[in-house]
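Coordinate inspection notes
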Amino acid sequence: MIELKNVSKIFPTAEGALHALTDVSLTIGDGEVYGIVGMSGAGKSTLVRCINLLERPTSGQVVIDGDDLCAMSRKELIAQRRSISMIFQQFNLLMQRTCLKNICFPMEIAKKPKADAEKRAHELLEIVGLPDKADAYPAQLSGGQKQRIAIARALASDPKILLCDEATSALDPKTTRDILRLVKDINRRLGITVVVITHEMAVVEEICTQVAILDHGHVMETGSVEQVFSNPRSEAGRRLVYPDGVRVEELPAANVIRIAFNGGSSYEPLIASLAIDCGVKVNILGADTRNVNGQAFGTMLLGLPENRAEAEKAVEYIKNQPNVTMEEVRDYHA
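Residues numbered from 1 in each chain as written. Predicted model: local features only at pLDDT ≥ 70, side-chain atom pairs only at ≥ 80, totals over all residues. Heavy atoms only, no water.

This part covers the nonpolar core. Ranked by internal contacts, the top residues of the largest apolar core, which has 55 residues, are I103, I149 and I151. Broken down by element, the residue count for this core peaks at six residues, all from helix 5 (residues 143–155). Excluding anything up to four places from it in sequence, I151 contacts I87, V128, I179, L182, V183 and I186. Within the second largest apolar cluster, 28 residues are counted, among which are I2, I28, I36 and V62. (Core = buried A, V, L, I, M, F, W, Y, C linked by side-chain atoms within 4.5 Å. Buried < 20%, exposed > 50% of the residue type's maximum accessible area, 1.4 Å probe, protein only. Helix = DSSP H or I, 4+ residues; strand = E, 2+ residues; numbered from the N terminus. Contact = heavy atoms within 4.5 Å.)

Quick look at the structure:
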């Protein structure tokens, strides 16, 4: 288990003290895929570097399996770091080494016998789907292949924790999905705790189970991905979850309702069902919905019929749908 307890990080600058993190407290359970998401400058990369003490917090504690890393000696910390691996946006492979030798590198540092290291490296190449690239050099690989080799190298020390710092930001959408599926598969097969640092909510949707919203060094909210996506409580959360969506408090109206999808099946066509079952047609004035593992999350703004009886029939129908909440939007004008 990873516990961050009131972690703060202050950097001195020419303009004065920069508070990169302020009183951050998080608990990340064993075997979770935990997303830490925020816009640029939120403090995400500083936070992930505090987890393995590449950045030492100004105050607070970083506790892993009951041991406070901040209280460890240098020798103890080096030993603890062997159980924490990290992958980066720019891969950080050694260009003069083959893929096999890149993967062997952490095992060389740990003084593992060469034959054992190479055997393990070949096993890891199989795990990441590149068994034929042992003798290739990084310059001969695509971006996605480089990240797969970087992941294999990160796994070479048999870590308990894998930190992913914007690991897919330099990749195209298809390659990103492939890498995320690989990370999810590794989490499932090996039981490794994965911490994903990203500014992309699509990454969180794809693989994370829990998420924390970070904004200007503060944790604004935490919860399951389903909870945060269905009902973001903070302004920072709403900006990330609905970047192009409508903010109800700015949408006043008569005969307009806002519905929120809270995790029901994304394959149940609510508006079509309303028309078929009740014979009532509504106008979709705005929508921001998404499919997360076959579940629907997001919001939709609907204009109801002017006929009061039909409007009431539509409202009653929607109220009785599972995993859907509804509220009236007052004083709406397009």
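A few words on the pattern of salt bridges. A complete count under the given rule lists 16 salt bridges for this structure. As a salt-bridge pair, D65 and K160 come within 2.7 Å of each other at their nearest N and O atoms. Highlighted residues: D65 in the loop between strand 4 (59–64) and strand 5 (67–68) and K160 in the loop between helix 5 and strand 7 (161–165), separated in sequence by 95 residues. In this structure, E312 engages R308 in a salt bridge whose closest nitrogen and oxygen atoms are separated by 3.1 Å. Separated by four residues within a single helix, E312 and R308 lie in helix 11 (residues 308–319), roughly one turn from each other. Taking relative accessible area as the criterion, E312 reaches 45% and is therefore assigned partly exposed. Each of K119, R120, E123 and D158 takes part in salt bridges that share partners, so that together they form one network. (Salt bridge = Lys/Arg side-chain N within 4 Å of Asp/Glu carboxyl O.)

Most peptide bonds adopt trans geometry, and most residues besides glycine take a negative phi value. Even without being glycine, D23 reaches a positive phi, approximately 55 degrees. One can find D23 in strand 2 (residues 16–28). Classification of D23 by relative accessible area gives partly exposed; the value is 46%. In this structure, H216 is a non-glycine residue whose phi angle is positive, near 50 degrees. Within the secondary structure layout, H216 lies in the loop between strand 9 (210–215) and strand 10 (218–224).

Another aspect to go through is the side chain of D68. Its place among the elements puts D68 in strand 5. Buried and unpaired, D68 has R56 as its nearest opposite-charge partner, separated by 7.3 Å. Of note is the side chain of D68, whose polar atom sits 3.2 Å from the side chain of Q61. From its side chain, D68 meets the backbone nitrogen of C70 in a polar contact 3.0 Å long. For D68, the residues in contact, after removing those within four places along its chain, are Q61, V62 and V63. (Lys, Arg positive; Asp, Glu negative; His and termini not counted. Polar contact = N/O pair within 3.5 Å; in protein donor to acceptor, adjacent residues only side chain to side chain.)

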